[in-house]
Amino acid sequence: MEENMKLATVEDTVEYHLFLIPDEPRDPEKHKEILQKYIERIMTHFAPMLVPYIWQNQPFNLKYKPGKGDVPAHMFGMTKFGDNIEDEWFIVYVVKQITKEFPELVARIEDNDGEFLLIEAADFLPKWLDPDNSANRVFFHQGELCIIPAPRKPGAVSWLPSTPPTIPQALNIISTHPEKILASDSIQAAVNRRIRGYPEKIQASLHRAHCFLPAGIVAVLKQRPRLVAAGVQAFYLRDPIDLRACRIFKTFLPETRIMASVTFTKCLYAQLVQQRFVPDRRSGYKMPPPSHPQYRAHELGMKLAHGFEILCSKCSPHFSDSKKSVMTTSPLWAGFLESLKKNDYFKGLIEGSAQYQARLEMAKNYFQLSVNRPESSLALSPGEEILTLLQTTPFDIEELKKEEANLPPEDDDQWLDLSPDQLDQLLQEAAGKKEAEPISKKEEQNYDLTQVSESMKAFISKVSTHKGAELPREPSEAPITFDADSFLNYFDKILGPRPHESDSDDLDDEDFECLDSDDDLDLKTQGTGEEASLKGTLNDLKSYMAQMDQELANTSIGKSFTTQKQMEPLSQTTSNNSDEEDSGAGGSVMTPVDVDLNLVSNILESYSSQAGLAGPASNLLQSMGVQLPDNTDHRPTRMDNGM
């Protein structure tokens with residue numbers, strides 16, 4: 001029996017808040033009634049898209065949340081999306097569409113990481129925006145992403161607070177200045193890239209596979225397709241205690257297995273397929289040899305049956321009947337059903353037909369989970385829901401077996417085995433970058449290596465801060481301006497005012513003289529002294545460098561560098577270097593090093609040693625937009641000086 005179990009971890013959660021603007025004072029009960037009507041309208045309007053969706057853990061839901069402190073009463077939802085990040089971005093799409101369909105609503109959304117929309121658009125955010133001041137600034141309004149700006153100086157803009165706004169302040173700003181708070185096009189594009197393709201993208205995220213399952217599970221999944229997620233999660237997160245219930249199956253007997261088509265999300269399918277598992281011999285789930293043409297169907301069915309058995313083992317078969325009647329007694333159900341009919345949810349199906357009943361059951365399930373969500377004490381667990389369906393929904397095994405001959409074909413699961421190139425393409429698309437076009441043979445022959453050195457020079461010339469170095473974005477970017485006063489003031493704020501005296505024992509007498517300048521000197525004299533001191537420091541540095549060059553000239557280290565072949569005349573070189581070189585050094589003239597050639601040579605050697613894999617050279621060059629042709633040499637060689 002497999003003992004290497006995956007333990008459950010803290011679930012990733014996304015929260016979403018919908019506020020009504022303008023946020024005017026209202027009677028609390030009246031305001032609650034208005035918001036509850038909005039919830040019903042929203043969930044009904046988006047039901048055709050939300051009802052068939054298979055969620056990893058929890059569905060999209062909304063409920064009334066009373067006001068607390070400076071946060072007014074609003075509509076609130078929370079969804080645990082677990083390992084399927086697509087659930088989170090689908091919710092972003094839904095929230096965005098809600099504000100587009102209902103322009104009087106404003107929405108904000110965040111997850112465990114905080115403002116994850118800003119994280120997605122991190123490359124395009126303004127410099128002033130950081131996690132410390134981003135609270136209550138990011139909203140969706142009328143289908144557009146909005147970021148409430150901060151004033152450059154306190155009070156510079158009358159309608160902008162100098163500190164992060166409160167929710168009432170933010171709602172007021174959005175309602176009065178909607179055109180001034182729209183996020184930039186690049187930020188909007190970064191977020192829209194992640195939700196592009198919905199709602200059609202929902203079908204692309206599904207995977208249909210044949211599974212050899214107990215008939216009871218087939219009947220349950222016909223009524224509640226979404227319960228496949230609970231079954232997969234129960235198997236995926238199993239522990240040794242859970243598997244005790246699977247030694248001898250009590251609910252889903254292996255003798256009742258039939259072939260059926262099951263719809264998974266790609267995330268759920270991957271979780272089920274990738275885990276290796278051998279069932280207990282006592283369970284009765286015998287597997288055919290791996291060479292069997294239906295081995296995969298038997299394996300998937302066996303794993304899914306274990307998950308469903310684990311779910312049912314965690315609840316009593318005689319649980320309270322009060323839980324079963326929560327939905328049918330709700331006064332909201334009749335109005336919700338009527339709204340579905342008006343929105344053509346049933347697509348013209350004849351009432352009472354099999355397809356009509358299937359959609360009706362899905363609508364009931366959706367209503368219970370998302371619209372009329374009961375308190376946790378009354379909510380049915382997945383196991384209780386499965387047992388309820390088994391008790392209330394009769395099924396005929398022989399009829400289900402007849403459907404085996406007409407099963408729809410399986411989807412191809414080649415997407416599980418991505419090649420390195422396909423994986424790179426997916427990563428490029430996730431990062432919002434276009435895949436680089438392969439370099440042609442002609443381009444390889446005419447490849448200009450000077451762009452490597454020029455890109456590196458552009459990178460080196462960038463001004464870095466305590467937050468790190470910035471990679472060049474656009475060649476046409478404006479040149480950097482340097483304000484010395486602002487720079488010094490910035491560091492004064494970080495490090496504090498510079499002391500008049502230093503207690504360091506590492507400074508010599510000359511350093512003390514420089515630091516302890518006379519306070520009685522006027523500004524002109526002080527400026528002249530600083531200029532003279534700077535020139536002296538530069539002269540000293542040149543002298544040190546010249547001495548180092550002379551010392552290194554007598555070693556072999558210079559042979560490791562490529563020197564310039566096009567030399568200046570000997571007399572001119574000697575004249576230019578007479579102030580820096582010692583004439584007693586054998587009369588030799590130091591040949592300048594070709595910096596560009598050495599730079600390119602070393603980068604290409606590092607790139608070649610990567611053998612086509614990721615490494616420092618390729619990562620650095622790609623970040624600067626430089627793509628090198630593939631190395632056609634069979635072994636790395638040191639480039640000669642004639643390159």
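As the structure is a prediction and not an experimental result, all values here were calculated from the model. (Residues numbered from 1 in each chain as written. Predicted model: local features only at pLDDT ≥ 70, side-chain atom pairs only at ≥ 80, totals over all residues. Heavy atoms only, no water.)

1. A look at the overall build of the protein
Note the threshold: The way it works is that DSSP assigns letters per residue, a run of H or I at least four long becomes a helix, a run of E at least two long becomes a strand, and they are numbered from the N terminus. We call two residues in contact whenever any of their non-hydrogen atoms come within 4.5 Å of each other. Reported accessibility uses the Shrake-Rupley method at a 1.4 Å probe radius. Residues are deemed covered only where the shown protein chains occlude them.
Each helix and strand in the protein was counted, giving 25 helices and eight strands. The long-range fraction of contacts in the protein, counting pairs at least 24 apart against all pairs at least 6 apart in sequence, stands at 78%. As displayed, the protein has an accessible area near 39,200 Å², and 52% of this comes from carbon and sulfur atoms.

2. Overview of the nonpolar core
Proteins that are soluble and globular tend to have nonpolar side chains buried together. To keep things clear, this is the line we draw: Among the buried residues, those of types Ala, Val, Leu, Ile, Met, Phe, Trp, Tyr and Cys that are joined through side-chain atoms within 4.5 Å form a nonpolar core. When a residue's accessible area, from a 1.4 Å probe over protein chains only, is under 20% of the maximum for its type it is buried; when over 50% it is exposed; and in between it is partly exposed.
Counting 61 residues, the largest nonpolar core has Ile 42, Phe 60, Phe 90, Ile 109 and Leu 117 as its most contacted members. In terms of residue count, helix H3 (residues 85-101) provides more of this core than any other element does, eight residues in total. Filtering out sequence-adjacent residues up to four positions away, Phe 60 remains in contact with Tyr 16, Met 43, Leu 50, Trp 55, Thr 79, Ile 91, Val 94, Val 95, Ile 98 and Ser 370.

3. Remarks on the sheet that holds strand S6 (residues 144-147)
Each strand in a sheet pairs with another by means of backbone hydrogen bonds, the pair being arranged parallel or else antiparallel. Note the threshold: Following DSSP output, two strands are said to pair if at least two bridges run between them. The axes used here are C-alpha line fits, helices contributing only the stretch in contact, and every angle between their N-to-C directions lies in the interval 0 to 180 degrees.
One open sheet accounts for six strands, arranged S2-S3-S1-S4-S5-S6; its pairing is antiparallel. The open sheet has two free edges, formed respectively by strand S2 (63-65) and S6, since each of these has just one partner strand. Along the sheet, successive strands turn relative to each other by an average axial angle of 35 degrees, direction set aside. One ladder, built from six bridges, connects strand S1 (residues 13-20) with strand S3 (residues 74-80); its direction is antiparallel. In the sheet register, Val 14 faces S3, and the bridge partner there is Thr 79. Contacts from H3 reach S1, S3, strand S4 (105-111) and strand S5 (138-141), with the element oriented near 165 degrees to S4. On the sheet, helix H6 (residues 185-195) packs against S5 and S6 and is oriented at approximately 130 degrees with respect to S6.

4. Some words on a nonpolar patch on the surface
Definition in use: A patch consists of residues whose relative accessible area exceeds 30% and which take part in no salt bridge; residues with like charges are grouped when within 9 Å of each other, and nonpolar side chains (Val, Leu, Ile, Met, Phe, Trp, Tyr) when within 5 Å. One side-chain nitrogen of Lys or Arg within 4 Å of one carboxyl oxygen of Asp or Glu is enough to make a salt bridge.
Taken together, the side chains of Leu 534, Leu 538, Leu 541, Tyr 544, Met 545 and Met 548 present a nonpolar region at the surface, about 620 Å² in accessible area. On the secondary structure map, Tyr 544 appears in helix H22 (residues 523-553).

5. Focus on the pairing of S4
Where burial is concerned, most of S4 is hidden: six out of the seven residues are buried. With seven bridges joining them, S1 and S4 adopt antiparallel strand pairing. Residue pairing across strands places Phe 19 opposite Val 106, the latter belonging to S4. Note that S4 and S5 share two bridges and pair antiparallel. Along S5, the bridge assignment pairs Ala 107 with Phe 140.

6. With respect to the packing of H3 against H6
Angle between the axes and distance between the axes: these two values describe a pair of packed helices. Which entries qualify depends on this criterion: Handedness of a helix crossing follows the sense of rotation of the near helix relative to the far helix, less than a right angle counterclockwise being left-handed and clockwise being right-handed. Here the term charged refers only to Asp, Glu, Lys and Arg, the term nonpolar to Ala, Val, Leu, Ile, Met, Phe, Trp, Tyr, Cys and Pro, and the term polar to all other amino acids, Gly among them.
Packing of H3 against H6 brings their axes to within 9 Å, and their N-to-C directions diverge by 115 degrees. Where H3 crosses over H6, the handedness of that crossing is left-handed. Residues Ile 85, Glu 86, Trp 89, Val 92, Tyr 93 and Lys 96 of H3 form the contact with H6, whose own contacting residues are Val 191, Asn 192, Arg 194 and Ile 195. Split by residue class, the contact of H3 with H6 holds six nonpolar, one polar and three charged.

7. Concerning the packing of aromatic side chains
Put simply, the test is: Working definition: rings of Phe, Tyr and Trp (its six-membered ring) pair if their centres are within 6.5 Å, and the pair is stacked with planes under 30 degrees apart, edge-to-face with planes over 60 apart, and tilted otherwise. The rule is short: NZ of Lys or CZ of Arg within 6 Å of the ring centre and within 35 degrees of the ring normal puts a charge over the ring.
Across all of its chains, the model carries 15 aromatic pairs by this definition. Considering the side-chain rings of Tyr 53 and Phe 90, the 4.3 Å spacing of their centres and the 10 degrees angle between planes classify their relative orientation as stacked. Highlighted residues: Tyr 53 in the loop between helix H2 (47-50) and S2 and Phe 90 in helix H3, separated in sequence by 37 residues. Here Trp 89 and Phe 116 contribute two aromatic rings whose centre-to-centre distance is 5.4 Å and whose plane-to-plane angle is 75 degrees, an arrangement assigned as edge-to-face. Here the residue Trp 89 occupies a position in helix H3, and Phe 116 occupies one in helix H4 (residues 116-120), the gap between them amounting to 27 residues. Note on accessibility: Trp 89 and Phe 116 belong to one class, buried. Taken together, the aromatic side chains of Tyr 53, Trp 55, Phe 90, Tyr 93 and Tyr 198 make up a single cluster linked through ring pairs. The positively charged end of Lys 65 is found above the aromatic ring belonging to Phe 76, 4.3 Å away from the centroid. Over the face of the ring belonging to Trp 415 we find Lys 266, whose NZ or CZ atom lies 5.4 Å from the ring centre.

8. Focus: helix H12 (residues 295-313)
Inclusion rule: Expected span of a helix: the number of residues minus one, times 1.5 Å.
Its 19 residues give H12 an end-to-end C-alpha distance of 27 Å, which sits within 8% of 27 Å, the value for a rise of 1.5 Å per residue. A large share of H12 lies buried, amounting to 16 of its 19 residues.

9. Some points on unusual backbone geometry
Going from Tyr 198 to Pro 199, the amide bond is cis rather than trans, its omega being 5 degrees. Considering the arrangement of structural elements, one finds Pro 199 in the loop between H6 and helix H7 (201-204). The phi dihedral of Gln 142 is positive, around 55 degrees, even though this residue is not glycine. Structurally, Gln 142 can be placed in the loop between S5 and S6. At Lys 347, a position not held by glycine, the phi torsion is positive, near 55 degrees. The topology assignment puts Lys 347 in the loop between helix H13 (332-342) and helix H14 (354-371).

10. Looking at helix H5 (residues 167-176)
Short version of the rule: Throughout, the arc means the angular range of directions from the helix axis out to the C-beta atoms.
When we look at burial in H5, the residues that qualify are Ile 167, Ala 170, Leu 171, Ile 173 and Ile 174. Within H5, the buried residues cover an arc of 160 degrees as seen down the axis, which keeps them to one side. On its buried face, H5 is in contact with S1, S4 and S5.

11. Quick word on the pattern of salt bridges
Inspection of every chain in the model, using the stated rule, returns 17 salt bridges. With a closest N to O distance of 3.7 Å, Lys 37 and Glu 33 form a salt bridge. Linking Lys 37 with Glu 33, this pair stays in helix H1 (residues 28-45), spanning four residues, or about one helical turn. Residue classification places Glu 33 among the partly exposed positions, given a relative accessible area of 39%. Across the salt bridge formed by Glu 399 and Lys 402, the nearest N and O atoms sit 3.5 Å from each other. With Glu 399 and Lys 402 both in helix H16 (residues 397-402) and three residues apart, the pair spans about one turn of that helix. Take Lys 402: its relative accessible area is 57%, and that puts it in the exposed class. Within the structure, one salt-bridge network assembled from shared partners comprises Arg 224, Arg 226, Glu 361, Lys 364 and Glu 385.

12. A word on the side chain of Asn 136
Basically, it comes down to this: Whenever a nitrogen or oxygen atom comes within 3.5 Å of another N or O atom, the pair is scored as a polar contact, on the condition that within protein one atom can donate a hydrogen and the other can accept it, and that pairs from neighbouring residues in sequence are kept only if both atoms are in side chains.
Within the secondary structure layout, Asn 136 lies in the loop between H4 and S5. For Asn 136, a relative accessible area of 17% puts it in the buried group. Within polar-contact distance, the side chain of Asn 136 engages the backbone oxygen of Pro 165 at 2.9 Å. Beyond its immediate stretch of four places on either side in the chain, Asn 136 contacts Arg 108, Glu 115, Ile 148, Pro 165, Thr 166, Ile 167 and Ala 170.

13. Observations regarding the side chain of Lys 96
The cut-off we apply is this: For the purpose of counting charges, residues Lys and Arg are taken to be positive, whereas Asp and Glu are taken to be negative. His and the chain ends are not included.
Inspection of the secondary structure puts Lys 96 in helix H3. In this structure, Lys 96 is buried with no salt-bridge partner, the nearest side chain bearing the opposite charge being Glu 144 at 5.9 Å. If we ignore the near neighbours within four places in the chain, the residues touching Lys 96 are Phe 140, Gly 143, Asn 192 and Ile 195.

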